[in-house]
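Each chain is listed here by its residues.
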Amino acid sequence: FSVRNRSGRPTAMKKLYDIAYCVDAPNKTVSYDTKVADGINNGIFKKREVARFMKTNRLGKPTLVQRSEDGKILVLKNEVPVKADLIKNIVPPQHKPLYIDKTR
């Protein structure tokens, strides 16, 4: 996933990373906006590879983020665990060839 879209603004994946960041740090909160929440919850699952994986494994589309109790920011909905880690740190060695960037 790219970090910036065509107009130079952060993508839904970047905002999801900011929300899932492990500690409360400056510039890592995302204010609530319905377009941003819909972009995170729906946009990620529109990617061809993700949609195909979800369909072949008969998985439903989960809700990743929701409005906080005070209504000002987006927070993770603990329906699906979201990890803000590097793939090389969390994927077992036998599965790493599946994650190699083939666009270079």
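For the structure itself, look to the data block above.
Residues numbered from 1 in each chain as written. Predicted model: local features only at pLDDT ≥ 70, side-chain atom pairs only at ≥ 80, totals over all residues. Heavy atoms only, no water.

**A look at the overall build of the protein chain**
Thought 1: Counting its regular elements, the protein chain contains 4 helices and 2 strands.
Thought 2: Dimensions along the principal axes, computed over C-alpha positions, put the protein chain at roughly 45 × 30 × 30 Å.
Thought 3: Sorting the 104 residues of the protein chain into buried and exposed places 19% on the buried side.
Thought 4: When the accessible surface of the protein chain is totalled, it reaches about 8,600 Å², and 51% of it is carbon and sulfur.
Thought 5: Each charge class in the protein chain was averaged separately, 22 positive and 10 negative side chains, and the resulting centres sit 9 Å apart. (Helix = DSSP H or I, 4+ residues; strand = E, 2+ residues; numbered from the N terminus. Buried < 20%, exposed > 50% of the residue type's maximum accessible area, 1.4 Å probe, protein only. Areas by Shrake-Rupley, 256 points an atom, 1.4 Å probe, with all protein chains shown as cover. Lys, Arg positive; Asp, Glu negative; His and termini not counted. Charge placed at Lys NZ, Arg CZ, Asp CG, Glu CD.)

**Quick word on a nonpolar patch on the surface**
Thought 1: A contiguous nonpolar surface patch, about 340 Å² in accessible area, is contributed by I87, L98 and Y99.
Thought 2: Accessibility expressed as a relative area gives 64% for L98, which makes it exposed. (Patch = residues over 30% accessible without salt bridge, like charges linked within 9 Å, V, L, I, M, F, W, Y side chains within 5 Å. Salt bridge = Lys/Arg side-chain N within 4 Å of Asp/Glu carboxyl O.)

**Some words on the pattern of salt bridges**
Thought 1: As enumerated under the stated definition, the model contains 1 salt bridge in all.
Thought 2: Close ionic contact of K14 with D18 constitutes a salt bridge, the shortest N to O distance being 2.8 Å. Within this pair, K14 and its partner D18 are both found in helix α1 (residues 12–19), separated by 4 residues, close to a single helical turn.
Thought 3: For D18, a relative accessible area of 9% translates into the label buried.

**Section: the nonpolar core**
Thought 1: Counting 12 residues, the largest nonpolar core is built from L16, I19, V30, V36, A37, I40, I44, F45, M54, L64, V65 and L74.
Thought 2: Of all the elements in the fold, those that place two or more residues in this core are α1 and α2 (34–43).
Thought 3: With 3 residues, α2 is the single largest residue contributor to this core.
Thought 4: Once residues within four sequence positions are removed from consideration, L16 is found in contact with I40, I44, L64, V65, L76 and V82. (Core = buried A, V, L, I, M, F, W, Y, C linked by side-chain atoms within 4.5 Å. Contact = heavy atoms within 4.5 Å.)

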